[in-house]
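The chain contents come next:
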Amino acid sequence: MAVRLYFEPEIKSPIMFVGWPGIGNIGILAVKTLKDILGAEEFGEIESWDFFYPQRVTIKDGLIESLEFPGNKFYYSKLKDKDILFFIGDEQPSEGGRGYGRGERAYRMANLVMDVGLKFGCQRVYTSGACVSICHHQVKPRVCAVVSSQDLISEAKRYSNTVLMSKLEDRSGGEGVITGLNGLLLAVAKMRGIDGMCLMGEIPDWLSGAAFPYPKASRSVLEVFAEILGIEINLHFMDEMEKQVDEMVEGFYSRFPPDMKKEYDKRKSIAMERPGTITIQAQIYIDDKFKKGSEGSGEEPV
């Protein structure tokens, strides 16, 4: 188990953005897109064999060449007045058959990521993921924030279209859970003296188990990332992906029974009575769609 740096970039007191796959791939799509927009350069990795099973064995001309593992890469970029680190993992290490980061492996990886951050003097880390809520798919997803210190609360409130997770309509008790490494990393960072903030794009509860991305929420997160960095970014290249997903979701929505659609449409108003959940009923429409696709309709998840 090791961190391997190909070289040490000349950066000072950077901020760090971290992403792993998760619900709707909201967070990792946002972090990867920011990395690409800024032209960040790869400079290191966490070696994978202590964390993951191989994805495949590569063979050439009948000879085994290598094992391929999920990637765990570090990148850096320099803006005029900010240095930036990125860490992007292809999978979350886990134990006990869980889908998201859990157990000793996840804890070790979180600490290795922070080792690199501290090596370069990082004082702030941002993670990103999904916030499953009782929102409507036709409404612009908000960004739900969780912070590691009291001082960051006022900062999070300044960002447009952002709300503290504890203030969501369906979190009246002020509590919530961040599943996997996006939350664990913040806790590890806090323990090691680094401020942290998790920015999560909203996804309707009934879409949280769908086998396709939710780029509309990734866009909302990216807009907040741009505010944090004080830059303008053009996200028009995401339009086609959003259009494809929106058309699929509208197809499910069009099949809702009238009473169910009426209840669901109450979610279009933020200032509303607490709406009922429709998760199980709506999930049936998604499951039915993809079951039919697997039986020969030629339809595949996005």
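A few points on the structure. (Residues numbered from 1 in each chain as written. Predicted model: local features only at pLDDT ≥ 70, side-chain atom pairs only at ≥ 80, totals over all residues. Heavy atoms only, no water.)

1. A short note on the sheet that holds strand E8 (residues 124-133)
Here comes step 1: Strand order across the open sheet formed by nine strands is E1-E3-E6-E7-E2-E8-E11-E9-E10, with mixed pairing between neighbours. If you trace the sheet from one side to the other, it starts and ends with strand E1 (3-5) and strand E10 (162-164), each paired once. Strand-to-strand twist of the sheet, defined as the mean angle between neighbouring strand axes without regard to direction, takes the value 30°.
Here comes step 2: Direction of pairing for strand E6 (residues 72-78) relative to strand E7 (residues 83-89): antiparallel, over a ladder of seven bridges. Among the inter-strand pairings, Ser-77 is bridged to a residue of E7, identified as Ile-84.
Here comes step 3: Docked against the sheet, helix H3 (residues 151-158) engages E8, strand E9 (143-147), E10 and strand E11 (195-204), running at close to 40° with respect to E11. (Pairing = 2+ DSSP bridges. Helix = DSSP H or I, 4+ residues; strand = E, 2+ residues; numbered from the N terminus. Axes fitted to C-alpha atoms, helices over the stretch in contact; angles between N-to-C directions. Contact = heavy atoms within 4.5 Å.)

2. Some thoughts on the pairing of E9
Here comes step 1: Pairing analysis gives three bridges linking E9 to E10, with the strands arranged parallel. The residue of E10 that forms the bridge with Cys-144 is Val-163.
Here comes step 2: With H3 bridging E9 and the parallel E10, this β-α-β connection has right-handed handedness.
Here comes step 3: Relative to E11, E9 is paired through five bridges, and the arrangement is antiparallel. Considered in E11, the bridge of Val-146 is made with Cys-198. (Right-handed = clockwise from strand over helix to strand, strands pointing away.)

3. Thoughts on helix H4 (residues 181-191)
Here comes step 1: Restricting attention to buried positions, one finds in H4 the residues Leu-181, Asn-182, Gly-183, Leu-185, Leu-186, Val-188 and Ala-189.
Here comes step 2: Along its buried surface, H4 packs onto strand E2 (15-19), helix H2 (103-119), E8, E9 and E11.
Here comes step 3: One or two steps after H4, the chain reaches Gly-193, where phi turns positive at roughly 85°. (Buried < 20%, exposed > 50% of the residue type's maximum accessible area, 1.4 Å probe, protein only.)

4. So, the packing of helix H1 (residues 26-37) against helix H5 (residues 215-229)
Each packed pair of helices is defined by two parameters, the angle between the axes and the distance between the axes.
Here comes step 1: At a minimum axis separation of 8 Å, H1 and H5 run at an interaxial angle of 45°. Taken together, H1 and H5 sit at an angle that is classed as oblique. As H1 packs across H5, the resulting crossing turns out to be right-handed. Contact with H1, carried on its side by Ile-26, Leu-29, Ala-30, Val-31, Thr-33 and Leu-34, involves Pro-215, Ala-217, Ser-218, Val-221, Leu-222, Phe-225 and Leu-229 of H5 and no other residues of that element.
Here comes step 2: Of the residues in the contact of H1 with H5, the class split is eleven nonpolar, two polar and no charged. (Parallel < 35°, antiparallel > 145°, perpendicular 65-115°, else oblique. Left-handed = near helix turned anticlockwise from the far one by under 90°. Nonpolar A, V, L, I, M, F, W, Y, C, P; charged D, E, K, R; others polar.)

5. What to know about the nonpolar core
Here comes step 1: Of all hydrophobic cores here, the largest spans 51 residues; its most connected members are Phe-17, Phe-86, Leu-199, Trp-206, Phe-225 and Ile-228.
Here comes step 2: Of the residues forming this core, the biggest block, eight residues, is contributed by H5.
Here comes step 3: The next biggest cluster of nonpolar side chains, apart from the first, holds 34 residues, and it includes Leu-112, Val-113, Met-114 and Met-165. (Core = buried A, V, L, I, M, F, W, Y, C linked by side-chain atoms within 4.5 Å.)

6. Remarks on the side chain of Asp-205
Here comes step 1: Residue position: Asp-205 is located in the loop between E11 and H5.
Here comes step 2: A distance of 3.0 Å separates the side chain of Asp-205 from the side chain of Arg-267, its partner in a polar contact. (Polar contact = N/O pair within 3.5 Å; in protein donor to acceptor, adjacent residues only side chain to side chain.)

7. What about unusual backbone geometry?
Here comes step 1: Of note, the phi angle at Asn-25 is positive, near 50°, even though the residue is not glycine.
Here comes step 2: Residue placement: Asn-25 occurs in the loop between E2 and H1.
Here comes step 3: Using a relative accessible area of 32% as the deciding quantity, one classes Asn-25 as partly exposed.
Here comes step 4: Even without being a glycine, Asn-161 presents a positive backbone phi close to 60°.
Here comes step 5: Here Asn-161 is to be found in the loop between H3 and E10.

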